[in-house]
Amino acid sequence: MKHDIWRLLIAWCDRIPTEKSGMSAVRSLVIRKMGIMNYAEALMLQEKLVSDRKLHRIPDTLLSLQHPPTYTLGKRRTDHNLHGC
């Protein structure tokens, strides 16, 4: 079952229209299975990959990872957001 999901995802990504032509084209997708990873490290890696992708240094990339339970709060956070934690 797990492998079927990956195949479906790859097949879907292969049909994404290219930015320039608007037509479907074969594209590559790198899948990186990272296992368990610290949230902050995973975030830094994602930010680096986004930067590299925007500069066309790397192909489309999908990270598969887990991190220990983590609370994330937005910019408008207050102590009220943590009530009951």
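Provided above is the structure to which this section pertains.
Could you give an account of the overall build of the chain, naming the residues involved and the relevant values?
Each helix and strand counted, the chain has 2 helices and 2 strands in total. Restricting the contact set of the chain to residue pairs at least 6 apart, pairs at least 24 apart contribute 55%. Summed over all atoms, the accessible surface of the chain reaches about 7500 Å², with 58% contributed by carbon and sulfur.

Tell me about the pairing of strand 1 (residues 29–36), and please be specific about residues and values.
Of the strand pairs in this sheet, strand 1 and strand 2 (residues 60–66) are connected by 7 bridges, and their pairing is parallel. By the bridge assignment for strand 2, K33 is matched with S64. What joins strand 1 to strand 2 is helix 2 (residues 39–54), and the crossover it makes is right-handed.

I'd like to hear about the pattern of salt bridges, residue by residue, with values.
With the rule as written, the count across this model stands at 3 salt bridges. Between K48 and D52 there is a salt bridge, with the nearest N and O atoms lying 2.8 Å from each other. Taken together, the residues span about one helical turn, with K48 and D52 both in helix 2 at a distance of 4 residues. Take K48: its relative accessible area is 47%, and that puts it in the partly exposed class. Across the salt bridge formed by R53 and D60, the nearest N and O atoms sit 2.8 Å from each other. Judged by its relative accessible area of 18%, D60 falls in the buried class. Here the salt bridges share partners, and the residues they tie into one network are K48, D52 and R57.

Could you give an account of the environment of S28, with specific residues and numbers?
Tracing the chain through its elements places S28 in the loop between helix 1 (2–14) and strand 1. Exposure remark for S28: the relative accessible area of 48% places this residue in the partly exposed category.

So, how was this worked out
One numbering rule holds for all chains: residues counted from 1, following each sequence as written. It should be noted that, the model being predicted, local features are given only for residues of pLDDT at least 70 and side-chain atom pairs only at 80 or more, the latter also being counted only at that level, while totals for whole chains, interfaces and linings use all residues. With hydrogens and water excluded, all non-hydrogen atoms of the structure serve as input to the side-chain values. Segments assigned H or I by DSSP are reported as helices when at least four residues long, segments assigned E as strands when at least two residues long, and all are numbered from the N terminus. Working rule for contacts: check all heavy atoms of both residues, and any pair within 4.5 Å makes them a contact. For accessible areas, the Shrake-Rupley method is used with a probe of radius 1.4 Å. Any residue's cover is judged against the shown protein chains and nothing else. Only strands that DSSP links by at least two bridges are regarded as paired with each other. By convention, a crossover is right-handed whenever its connection, traced from the first strand over the helix to the second and viewed with the strands pointing away, goes clockwise. When a carboxyl oxygen of Asp or Glu is within 4 Å of a side-chain nitrogen of Lys or Arg, the pair counts as a salt bridge. Burial status follows relative accessibility: with a 1.4 Å probe on protein chains alone, a residue under 20% of its type maximum counts as buried, one over 50% as exposed, and anything between as partly exposed.

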